[in-house]
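In case you want the letters, here they are:
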Amino acid sequence: MVKIMVKALAAVIFAALIFVPGASHSLTLDEALEMAKETLPSYKASELRVKSTEALYNASLSPYLPTLDASTLHQRHFTPFGEFNTRLYDLTLSYTLFDWGNRKAGRNIARLNLDISREDLKTSLLEIEFNVKSAFYTGIARKEALEYRAIQLHDAEKDFEVAEGRYKFGVARLSDVLQSSVRLEQARFSLVQAEGDLRKAILELNSLIGRPLESQYDILGTLDTGIAFPDRKRLAGAVLLRPEVKQAENAMKIEENNKAAELSAFFPVFSTNATYQKSGGGRSSLAVGQTAIDEDKILGLTATWNIFELGKFFRVKSSDLETGVAMERLSDLKRQLVLDVNKAYEDLITAFKNLKVAQEQIKQADQNYSQAFGEYKVGKADILSLVQAESLLAIAREQFVGSKLNLMISKAQLERIAGIGKLEELERQP
């Protein structure tokens, strides 16, 4: 029995060493979120994607600026009159004067793609917050479960001692001792399982925040069940500001700009260029009439107009249809998000009600066990009633911890779907 008590005490100490508030190496939920943002590769990848798209947006400014091209040509000529070399050097400055909105559409599309990448970063942050919250709350719940299972082992050990004592005095049967012994081994098994679950929760949290998997620290936090339920209309309004909605809106704008770019193909493109040419070699001079020149400076104005090309008609029609597709997808996304946030809200309400039931259940189970223990101790009840009462109390404790965890996970899930950091922030908004 001493070994059993020592093991139960060791389990509590194991949880205390990791989760005792106020220790030197402590960790709060906000700190865990910041560490995850700094170390998670998925979030860093989203940040790099934003920088990449930003570079492409800067590149879309190029059509508004002139281009400068240089070329050189060296040739060896073999003629009936002999062999000679020619060299030609060309420097051309070109600029598009007007293209009927094609380059403007390209720049708008690049800007919208940049906005989409930024919204992807926000989506990644929402996922990180949910995962860290889930791991953080799970760690706290596993710690509480371990403490309850240590109490459960102590209760089972106490039942076994009473049954063994009554058997020695001849007022109980051997089956009483065996029944309580089986329950004792079950409690010991549950304690070992709880220790493993706690270690796995720590591994999960360490992986998310970028710490070595084997590191241990103190988690500052509780499964706070005091939740302020926001108004459904506020939630419906918040969910329509999610990054996915803004991305869908930008996708629709991209299709509109694609249509504008395709329409520009029906009009001429005006451009200008300035060219400087220099030639050299045996017979390399440029002939103008009968005069040979070695240098030439050209200033030109060009209008390029495609009179007919079948594909551009259908590309405009396709762009127009794709705009309608993007609009319908946006409407469907809003419908689905409003549905999801209401379902998550119902899950939160259900979890809250279940917690109230679990609180009452653990109260009744504790009273039932105390009654059964007292009656068995004086010989008014059998061992099966006592073992069953203790088992029901253990189950009630497990359900109580599970209900608190489920409530906090439901809250985190609602925050993720609504696209907000905390429900309390939503209530403070005008």
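A quick note: this is a predicted structure, and the numbers were derived from the prediction, not measured. (Residues numbered from 1 in each chain as written. Predicted model: local features only at pLDDT ≥ 70, side-chain atom pairs only at ≥ 80, totals over all residues. Heavy atoms only, no water.)

Chemist: What exactly am I supposed to notice about the overall build of the protein here?
Modeler: Per the secondary structure count, the protein includes 10 helices and eight strands. Computed over the C-alpha atoms, the radius of gyration of the protein is 38 Å, more than 25% above the 22 Å expected from 2.2 N^0.38 for a compact globule of 430 residues. Counting the 430 residues in the protein, one finds 39% classified as buried. Sequence separation of at least 24 residues holds for 82% of the intrachain contacts in the protein that already meet a minimum separation of 6. Within the structure as shown, the protein displays about 24,000 Å² of accessible surface, and the carbon and sulfur contribution to it stands at 58%. Separation of charge centres in the protein, based on 55 positive and 57 negative side chains, amounts to 1 Å. (Helix = DSSP H or I, 4+ residues; strand = E, 2+ residues; numbered from the N terminus. Rg over C-alpha atoms; globule rule 2.2 N^0.38 Å. Buried < 20%, exposed > 50% of the residue type's maximum accessible area, 1.4 Å probe, protein only. Contact = heavy atoms within 4.5 Å. Areas by Shrake-Rupley, 256 points an atom, 1.4 Å probe, with all protein chains shown as cover. Lys, Arg positive; Asp, Glu negative; His and termini not counted. Charge placed at Lys NZ, Arg CZ, Asp CG, Glu CD.)

Chemist: How should I be thinking about the layout of surface pockets in this particular structure?
Modeler: In this model, the second largest pocket occupies a volume close to 240 Å³. Considering the residues around the second largest pocket, the lining is formed by 16 residues, among which Leu29, Tyr137, Asp224, Met408 and Lys411 are closest to the centre. Of all elements in the fold, only α4 (102–168) and α9 (383–418) reach the threshold of two or more residues within the lining of the second largest pocket. Residues that form the lining of the second largest pocket fall into these classes: six nonpolar, four polar and six charged. (1 Å grid on protein atoms, 1.4 Å probe; cavity = no way out; pocket = protein on both sides within 12 Å on 5 of 7 lines; lining within 4 Å. Points joined across faces, edges and corners; volume = space filled by probe spheres on them. Nonpolar A, V, L, I, M, F, W, Y, C, P; charged D, E, K, R; others polar.)

Chemist: Help me understand the sheet that holds strand β5 (residues 269–281), please; the structure alone is not making it clear to me.
Modeler: Read from one edge to the other, the open sheet built from four strands follows the order β2-β3-β5-β8, with strand pairing classed as antiparallel. Both edges of this open sheet fall to β2 (67–79) and β8 (295–304), since each of them pairs with a single strand only. Across the sheet, the mean angle separating the axes of adjacent strands is 20 degrees when strand polarity is ignored. Both strand β3 (residues 82–98) and β5 contribute to a ladder of 12 bridges, which runs antiparallel. Within β5, the residue paired with Phe98 across the bridge is Phe270. (Pairing = 2+ DSSP bridges. Axes fitted to C-alpha atoms, helices over the stretch in contact; angles between N-to-C directions.)

Chemist: What should I look at first to understand the pairing of β2 in this one?
Modeler: Sheet faces and side chains relate simply in a regular strand, where the side chains alternate between the two faces. Two strands pair when backbone bridges link them, and β2 and β3 are joined in this way by 13 bridges, in the antiparallel orientation. Note on β3: the bridge partner recorded for Thr79 is Gly82. The antiparallel hairpin formed by β2 and β3 contains two residues in its connecting segment.

Chemist: How should I be thinking about the pattern of salt bridges in this particular structure?
Modeler: Opposite charge on two side chains permits pairing when their charged atoms draw close. A complete count under the given rule lists 24 salt bridges for this structure. The salt bridge involving Asp197 is made with Lys200; its shortest N-O contact spans 4.0 Å. Taken together, the residues span about one helical turn, with Asp197 and Lys200 both in helix α5 (residues 174–209) at a distance of three residues. Note on Asp197: relative accessible area 19%, which makes it buried. For Glu244, the salt bridge is made with Arg242, and the minimal N-O distance between the two is 2.6 Å. The class for Arg242 is buried, based on a relative accessible area of 4%. Among the charged side chains, a salt-bridge network with shared partners connects Lys133, Lys411, Glu415 and Glu424. (Salt bridge = Lys/Arg side-chain N within 4 Å of Asp/Glu carboxyl O.)

Chemist: Explanation requested: helix α8 (residues 310–377) in the structure shown.
Modeler: Working note: α-helix, 3.6 residues per turn, so residues spaced by three or four point in the same direction. With 68 residues, α8 ought to run about 100 Å at 1.5 Å a step, and its terminal C-alpha atoms sit 97 Å apart, in line with that. Capping the start of α8 is the job of one residue whose side-chain oxygen sits 3.1 Å from the backbone nitrogen of Gly311: Glu309. (Expected span 1.5 Å × (residues − 1). Polar contact = N/O pair within 3.5 Å; in protein donor to acceptor, adjacent residues only side chain to side chain.)

Chemist: I'm lost on the nonpolar core in this one. Help?
Modeler: Generally speaking, soluble globular proteins have nonpolar side chains that are buried together. Ranked by size, the top nonpolar core spans 40 residues in total, and within it Leu235, Val341, Tyr376, Leu386, Leu414 and Leu423 carry the most contacts. Looking at this core, the elements that each hand over two or more residues are α4, α6 (232–239), α7 (243–263), α8, α9 and α10 (423–428). Of the residues forming this core, the biggest block, 16 residues, is contributed by α8. By size, the runner-up hydrophobic cluster in this structure holds 29 residues, among which are Val50, Ala141, Ala145 and Met408. (Core = buried A, V, L, I, M, F, W, Y, C linked by side-chain atoms within 4.5 Å.)

Chemist: I keep staring at the packing of α7 against α8 and nothing clicks. Help me out?
Modeler: Their axes nearest at 8 Å, the elements α7 and α8 cross at an angle of 170 degrees. As far as their axial angle goes, α8 and α7 are roughly antiparallel. Here Glu244, Val245, Ala248, Glu249, Ala251, Met252, Glu255, Glu256, Asn258, Lys259, Glu262 and Leu263 of α7 lie close against α8, whose contacting residues are Arg315, Val316, Ser319, Asp320, Glu322, Thr323, Ala326, Met327, Leu330, Leu333, Lys334 and Leu337. For the contact of α7 with α8, the per-class residue count stands at 11 nonpolar, three polar and 10 charged. (Parallel < 35°, antiparallel > 145°, perpendicular 65-115°, else oblique.)

Chemist: Hey, could you run me through the side chain of Asp90 in this one?
Modeler: As for its position among the elements, Asp90 is in strand β3. Comment: no salt bridge for buried Asp90; closest opposite-charge side chain is Lys278, at 13 Å. Polar contacts involving the side chain of Asp90 include one to the side chain of Thr92, which spans 2.7 Å. Discounting residues that sit within four places of it in the chain, Asp90 has contacts with Asp69, Ala70, Ser71, Thr275, Tyr276 and Gln277.

Chemist: It is not clear to me how the side chain of Ser46 should be interpreted in this structure. Could you clarify?
Modeler: Among the secondary structure elements, Ser46 is positioned in helix α3 (residues 41–59). What makes Ser46 buried here is its relative accessible area of 15%. With sequence-adjacent residues up to four places away left out, Ser46 is seen in contact with Leu121 and Ser124.

Chemist: How should α6 be read in this particular structure?
Modeler: All buried positions along α6 are accounted for by Leu235, Ala238 and Val239. The arc that holds the buried residues of α6, viewed along the axis, is 95 degrees, so those residues lie on one side. (Arc of directions from axis to C-beta.)

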